[in-house]
Amino acid sequence: DAGVIQSPRHEVTEMGQEVTLRCKPISGHDYLFWYRQTMMRGLELLIYFNNNVPIDDSGMPEDRFSAKMPNASFSTLKIQPSEPRDSAVYFCATRVSGAFGYTFGSGTRLTVV
Amino acid sequence: TQLLEQSPQFLSIQEGENLTVYCNSSSVFSSLQWYRQEPGEGPVLLVTVVTGGEVKKLKRLTFQFGDARKDSSLHITAAQPGDTGLYLCAGAKDNNDMRFGAGTRLTVKP
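Note that this is a predicted model, so its numbers are computed, not measured.

Engineer: Explain the side chain of Glu 54 of chain B here, please?
Structural biologist: All names here are of chain B. Relative to the elements of secondary structure, Glu 54 occurs in the loop between strand S5 (44–49) and strand S6 (55–58). A relative accessible area of 18% means that Glu 54 is categorised as buried. If sequence neighbours within four positions are ignored, Glu 54 has contacts with Thr 48, Val 49, Phe 63, Gln 64 and Phe 65.

Structural data, given as C-alpha cells:
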C-alpha cells in the first residue's frame, strides 16, 4: 500500500498565479480531507468528501479556494489567484468508513512570493 | 482560540527521562486521537481513545482519556531520541470533524 500520495511535494509560485495541489487516496478509503498547516494556526480542516461528494467546505477560507474529487482515486485543491498568506503546508488525509484513524499524505509545501 | 489546548508547547529533555503532555478542552468528544509528526511528513496516528477513563499503552507510551471525555494525556517512559517530534491531539464530536490542537514539540537529547 503506497499510502496517501500528494503532489507536488513543494510548490513555489508568484502571487496571482493559479496553484493546483493533488491527492491520490488509499484505495477503498471513502473519506478524503484537506487540511492546511501553519505555525500560527496549526492544522485547519478545509473541506472533506465522502464517496467523492463534498460534505463540508465551511473551512475553505475564501472563494479563491476550490476543491474537487472527480473520482475515488483523485482529488485536487485549487487556489486562484494565490496570495502570500496562502503559504502553508497542505495535507490530504483519508479514512475508511467505520475506522477512526486518518492516514495523512506527506503534504505539499506551498510558498507564494 | 484553539478548541484543544495542548501543554506544554515545547519540551526538551534528556534521554531516559519521563514526560507527560496534556490535551484539554471544554468540549466533550466522541473520540480523541494522538498523532506524531516528524519534519517534512504528515501526522501519523498513534492511538484512538473513545471511552471516558480509558487507558491505552503502546510500548513506552501511555494514553489516557479523561472520565468526562474532555481531556487526555500522553505519558512517555524513558524517552529516547527517536521520540522527538510534534505530538498532536485531535478530537472529534463526529468522526468527520476532527479538530487538532497546536501540538507539543518534544526534543529528546541523547
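Engineer: Teacher, can you tell me more about the state of the cysteines here?
Structural biologist: Put plainly, two cysteines are in a disulfide when a covalent bond ties their sulfur atoms together. This structure, assessed with the given rule, holds 2 disulfides over all chains. In this model Cys 23 of chain A forms its disulfide with Cys 92 of chain A; the gap between the sulfur atoms is 1.9 Å. Because the sign of the S-S torsion sets the handedness, a value of about -65 degrees for the bond joining Cys 23 of chain A and Cys 92 of chain A places this disulfide among the left-handed ones. Taken together, the residues span a long stretch of sequence, with Cys 23 of chain A in strand S3 (residues 19–24) and Cys 92 of chain A in strand S9 (residues 88–95) at a distance of 69 residues. Exposure class is identical for Cys 23 of chain A and Cys 92 of chain A. Each is buried. A sulfur-sulfur distance of 2.0 Å marks the disulfide that ties Cys 23 of chain B to Cys 89 of chain B.

Engineer: What's the story with the pattern of salt bridges in this structure? I'm lost.
Structural biologist: Within the structure shown, the criterion is met by 11 salt bridges over all chains. Asp 86 of chain A is the salt-bridge partner of Arg 64 of chain A, the closest N and O atoms lying 2.7 Å from each other. Residue Arg 64 of chain A is located in the loop between strand S6 (53–56) and strand S7 (65–71), and its partner Asp 86 of chain A is located in the loop between strand S8 (74–79) and S9; the two are separated by 22 residues in the primary sequence. Its relative accessible area of 10% is what places Arg 64 of chain A among the buried residues. The buried category is assigned to Asp 86 of chain A, whose relative accessible area is 2%. Between Glu 38 of chain B and Arg 36 of chain B there is a salt bridge, with its nearest N and O atoms 3.3 Å apart. Among the residues examined, Arg 36 of chain B registers a relative accessible area of 22% and is labelled partly exposed. Each of Glu 62, Arg 64, Glu 83, Arg 85 and Asp 86 of chain A takes part in salt bridges that share partners, so that together they form one network.

Engineer: Could you clarify how one ought to interpret the sheet that holds S7 of chain A in this entry?
Structural biologist: In a beta sheet, neighbouring strands are held together by backbone hydrogen bonds and run either parallel or antiparallel to one another. All names here are of chain A. The 4 strands are arranged S1-S3-S8-S7 in an open sheet whose pairing can be described as antiparallel. Here the strands that pair on one side only, and so sit at the sheet edges, are strand S1 (5–7) and S7. The mean angle between the axes of side-by-side strands here comes to 15 degrees, regardless of whether they run parallel or antiparallel. As judged from the 5 bridges shared by S7 and S8, these two strands associate in the antiparallel manner. In the sheet register, Ser 66 faces S8, and the bridge partner there is Lys 78.

Engineer: Help me out: how do you make sense of the sheet that holds strand S8 (residues 71–76) of chain B in this one?
Structural biologist: Residue and element names in this part refer to chain B. Across the sheet, 5 strands lie side by side as S1-S3-S8-S7-S6; this open sheet has antiparallel pairing. Because the sheet does not close on itself, it has two edges, and the strands there are strand S1 (5–7) and S6. Ignoring which end each strand starts from, the neighbouring axes of this sheet average 15 degrees apart. With 4 bridges connecting them, S6 and strand S7 (residues 61–65) associate as antiparallel partners. When the bridges of S7 are listed, Val 55 appears paired with Gln 64.

Engineer: Would you mind showing me how to read the layout of surface pockets here?
Structural biologist: Summary: where empty space remains is shown by rolling a probe the size of a single water molecule over the atoms. Empty space within the largest pocket amounts to approximately 690 Å³. Among the elements of the structure, strand S4 (31–38), strand S5 (42–50), S9 and strand S11 (108–112) of chain A together with strand S9 (85–92) and strand S11 (104–109) of chain B are those that each provide at least two residues to the lining of the largest pocket. The dominant element in the lining of the largest pocket, judged by the number of residues it contributes, is S11 of chain A, at 4 residues. Residue composition of the lining of the largest pocket, grouped by class: 13 nonpolar, 17 polar and 6 charged.

Cut-offs and rules
- Residue positions are counted from 1 within each chain, in the order its sequence is given.
- Each chain takes a letter, starting from A, and each ligand takes a number, starting from 1, following the order in which they are written.
- Given that the model is predicted, a residue must reach a pLDDT of at least 70 before its local features are reported, and side-chain atom pairs must reach 80 or more before they are shown or counted; all residues, however, enter totals for whole chains, interfaces and linings.
- Side-chain figures throughout are based on the complete set of non-hydrogen atoms in the structure, without hydrogens or water.
- Secondary structure counts use DSSP, requiring at least four H or I residues in a row for a helix and at least two E residues in a row for a strand, with both numbered from the N terminus.
- Categorising residues by exposure relies on relative accessible area from a 1.4 Å probe, with only protein chains included: less than 20% of the type maximum marks a residue as buried, more than 50% marks it as exposed, and the intermediate range marks it as partly exposed.
- Only heavy atoms enter the contact rule, under which two residues are in contact if any of them lie within 4.5 Å.
- The disulfide criterion is simple: two cysteine sulfur atoms within 2.5 Å.
- Salt bridge, as used here, is a side-chain nitrogen of Lys or Arg placed within 4 Å of a carboxyl oxygen of Asp or Glu.
- Here the rule is simple: two strands pair whenever DSSP picks up at least two bridges between them.
- Each axis is a line fitted through C-alpha atoms, taken for helices only over the stretch in contact, and angles between the N-to-C directions span 0 to 180 degrees.
- Think of a 1 Å grid over just the protein atoms. A cavity is a set of points where a 1.4 Å probe fits yet cannot get out, a pocket is an open set with protein on both sides within 12 Å along at least five of seven lines, and lining residues have an atom within 4 Å of a point.
- Grid points are joined across faces, edges and corners, and a volume is the space filled by probe spheres set on the points.
- Three classes are used, and their members are as follows: Ala, Val, Leu, Ile, Met, Phe, Trp, Tyr, Cys and Pro are nonpolar, Asp, Glu, Lys and Arg are charged, and the others, Gly among them, are polar.

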